[in-house]
Amino acid sequence: MQLTRTDVVLRPDSSRVLYRPFDPTHPQRAMKIISRVMELPDATVETLLADVLSEFHGRHQRLRHFFQERYEAVRHHLLTDRPLNEDRQLLIGSYFTQEYSLESAALFNPSIVWHPCQEGVAPGSRRFVLSLRATGEGHVSSVGFRAGTVDAAGTVAVDRPTGYVTAPRVLANSRYDKPLFLKKLVELGITDGFVDLVFGAVDDQFTLGELEGALAHTARQHRSRRREWEPIAAAIVAVARANYEIECDPESDISERVIFPYSPAETNGIEDARFVRFVDDDGSVRYCATYTAFDGSVTLPQFVETEDFVRFRVSTLNGPEIANKGMALFPRRINGAYAMLSRQDGENIHVMESDMLHFWYSKRLVLRPTFAWEFVQIGNCGSPLETPAGWLLLTHGVGPMRKDSLGAVLPDLDDPRSE
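Here is what the cut-offs are and how they apply
- Residues numbered from 1 in each chain as written.
- Predicted model: local features only at pLDDT ≥ 70, side-chain atom pairs only at ≥ 80, totals over all residues.
- Heavy atoms only, no water.
- Axes fitted to C-alpha atoms, helices over the stretch in contact; angles between N-to-C directions.
- Helix = DSSP H or I, 4+ residues; strand = E, 2+ residues; numbered from the N terminus.
- Parallel < 35°, antiparallel > 145°, perpendicular 65-115°, else oblique.
- Left-handed = near helix turned anticlockwise from the far one by under 90°.
- Contact = heavy atoms within 4.5 Å.
- Nonpolar A, V, L, I, M, F, W, Y, C, P; charged D, E, K, R; others polar.
- Pairing = 2+ DSSP bridges.
- 1 Å grid on protein atoms, 1.4 Å probe; cavity = no way out; pocket = protein on both sides within 12 Å on 5 of 7 lines; lining within 4 Å.
- Points joined across faces, edges and corners; volume = space filled by probe spheres on them.
- Core = buried A, V, L, I, M, F, W, Y, C linked by side-chain atoms within 4.5 Å.
- Buried < 20%, exposed > 50% of the residue type's maximum accessible area, 1.4 Å probe, protein only.
- Arc of directions from axis to C-beta.
- Phe/Tyr/Trp six-rings, centres within 6.5 Å; stacked < 30°, edge-to-face > 60°.

**Details of the packing of helix α5 (residues 178-187) against helix α8 (residues 226-241)**
Point 1. The geometry of α5 relative to α8 is characterised by a closest axis approach of 11 Å and an angle of 125° between their N-to-C directions. By the angle between their directions, the pair α5 and α8 is classed as oblique. For α5 against α8, the interelement crossing comes out right-handed. Across the interface between the two elements, Phe181, Lys184 and Leu185 of α5 pack against Ile236, Val239 and Ala240 of α8.
Point 2. Its residues assigned to classes, the contact of α5 with α8 comprises 5 nonpolar, no polar and 1 charged.

**Concerning the sheet that holds strand β18 (residues 349-354)**
Consider a sheet: its strands pair through backbone hydrogen bonds, and that pairing is either parallel or antiparallel.
Point 1. Strand order in the open sheet formed by 4 strands is β16-β17-β18-β19, with antiparallel pairing between adjacent strands. The open sheet terminates on both sides in strands that have one partner only, identified here as β16 (328-329) and β19 (363-367).
Point 2. Strand direction decides the pairing type here: strand β17 (residues 338-342) and β18, joined by 5 bridges, are antiparallel. Opposite Ala339, over in β18, you have Glu353 as the bridge partner.

**Topic: the layout of surface pockets**
Point 1. Approximately 1,200 Å³ is the volume attributed to the second largest pocket.
Point 2. Lining the second largest pocket are 41 residues, and of these Pro21, Phe66, Ala167, Pro168 and Arg169 lie nearest its centre.
Point 3. When residues of the lining of the second largest pocket are traced back to their parent elements, those giving at least two are β1 (17-21), α1 (27-38), α3 (63-74), β7 (169-170) and β10 (244-247).
Point 4. Considering only residue class, the lining of the second largest pocket consists of 20 nonpolar, 9 polar and 12 charged.

**Points about the nonpolar core**
Point 1. If you look at the biggest cluster of nonpolar residues, it comprises 22 residues, and the most contacted ones within it are Phe145, Ile259, Phe275, Tyr291, Val304, Phe309 and Phe312.
Point 2. Sorting the residues of this core by element identifies β5 (141-150), β10, β12 (270-279), β13 (285-294) and β15 (311-316) as the ones contributing at least two each.
Point 3. Of the residues forming this core, the biggest block, 4 residues, is contributed by β13.
Point 4. Excluding anything up to four places from it in sequence, Tyr291 contacts Tyr244, Glu266, Ile270, Glu271, Asp272, Ala273, Leu300, Pro301, Gln302, Phe303, Val304 and Val314.
Point 5. The next biggest cluster of nonpolar side chains, apart from the first, holds 21 residues, and it includes Leu208, Ala214, Leu215 and Ala233.

**Re the packing of α1 against helix α4 (residues 86-95)**
The geometry of a pair of packed helices is captured by two quantities: the angle between their axes and the separation between those axes.
Point 1. It is the contact of α1 with α4, at a shortest axis distance of 10 Å, that shows an interaxial angle of 145°. The hand of the α1/α4 crossing is right-handed. Contacts between α1 and α4 pair Ile33, Ile34, Val37 and Met38 from the former with Arg88, Leu91, Ile92 and Tyr95 from the latter.

**Some remarks on the pairing of β13**
Point 1. Buried residues dominate β13, accounting for 8 of its 10 residues.
Point 2. Here 8 bridges tie β12 to β13, and the two strands are oriented antiparallel to one another. Considered in β13, the bridge of Glu271 is made with Thr292.
Point 3. What sits between the antiparallel neighbours β12 and β13 is a turn of 5 residues, in which Gly283 has the positive phi angle 90°.
Point 4. As paired elements, β13 and strand β14 (residues 299-306) share 8 bridges and run antiparallel to each other. Within β14, the position partnered with Cys288 by the bridge is Glu305.
Point 5. Between β13 and β14, which pair antiparallel and follow one another directly, the connecting turn spans 4 residues, one of which, Gly296, has a positive phi of 105°.

**Side note on the sheet that holds β13**
Point 1. Overall, antiparallel pairing links the 6 strands, which are arranged β7-β10-β15-β14-β13-β12 in an open sheet. For this open sheet the edge positions go to β7 and β12, each flanked by a neighbour on one side alone.

**Things to note about α5**
The periodicity of an α-helix, 3.6 residues per turn, causes residues three or four positions apart to be oriented the same way.
Point 1. Among the residues of α5, those classed as buried are Lys178, Phe181, Lys184 and Leu185. Down the axis of α5, the buried side of the element spans an arc of 125°, and every buried residue falls inside it.
Point 2. Turning to α5, the residues buried within the fold contact β8 (175-177), α6 (193-199), β9 (205-207), α7 (208-221), α8 and β15.
Point 3. Positioned one or two residues after α5, Gly189 has a phi angle of 80°, which is positive.

**Focus on the packing of aromatic side chains**
Point 1. Applying the stated criterion across every chain, the model contains 18 aromatic pairs.
Point 2. Arranged with centres 5.6 Å apart and planes meeting at 75°, the rings of Phe145 and Phe309 form a pair that is edge-to-face. Placement of Phe145 in strand β5 and of Phe309 in the loop between β14 and β15 is noted, with a sequence separation of 164 residues between them. Accessibility classification places Phe145 together with Phe309 in one group, the buried group.
Point 3. Ring geometry for Phe371 and Trp373: centres 6.2 Å apart, planes at 0°, overall stacked.
Point 4. Connected via pairs of aromatic rings, a cluster forms that spans Phe145, Phe275, Tyr287, Phe309 and Phe312.

As structure tokens, this is what we get:
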């Protein structure tokens, strides 16, 4: 195999910042901040808002709109119902907003797939989407994107990113499938009469708001057991928040889009997304990725799907074989089953098969450290590529002094569990 290095270098840019909510730890602090703003004269409010917009508007898009959203999110802390003028609302919103430099520390761990839109591309060339792990302030990681093209000669060009980046909108109307949700609760050991009561009150498809309403209603109806059931209710909500949908601005450049940590399991970052263009048996195409959610102490494998890199569905991966890092989905079903590479033991490569994309119950060892350059451990470098000779699986091995090296194997197309 011959490899050719390109001159493409992607470097982190600390000036690319996004705005995100700032929520004080205690509600009393929020009330105090709002009270202080309420005491300001109108002229002072106008001047302060103008200063904020002048300083920050140049590196953000739709900043006034976000300030308005933040005001709406905290207005319940107001001690009066009297109407406020727009400037005071926006100024209050600015006090509950913060900037975040999402790639100030590092930009690395890419994965690449063909772009869903190939219109306008020169003959012999193809457009691609590159995902990247962006590590920013506090060493919190998120997933950023770039676009580019590769021509018939193999020349790679990556589009220059814009100066903007915006966190996506979390969709409040995301719907959950009750049978699958209950299956996940059983797997986690969250089984109780409280669960039966709550889910007896929701439809087979329900939203987070409907679930929270059912939890609150059940707790009110059984006040004597409220304290006993509070931890169970919190665990149910945590599972729900780990399964959500986000939407980016469809008019934005793809370099402005980001998958930013949202659920409790992701508070310390989203790591190592591995995207693959998955073609199902009916010919439908979606882009899927496994990634690792980290809350500061526990790593949790997660899954994300999209058809257009605008709207993303994030969900938990479930089953006894969902453990450790390094999972990568095959780009199609094999003999009618989904297949995924894994490394549950942190040392060897396995292949899992399942008839359900989000539930995995068995694995088979296919590759163990054999050569001196991989004696410490081996892993995959992403989803396999289908070739006439077999699945091209790029591996990475760790050898003496923890030196990383690349390798390649060709598992059989019909049975990737064998070489």
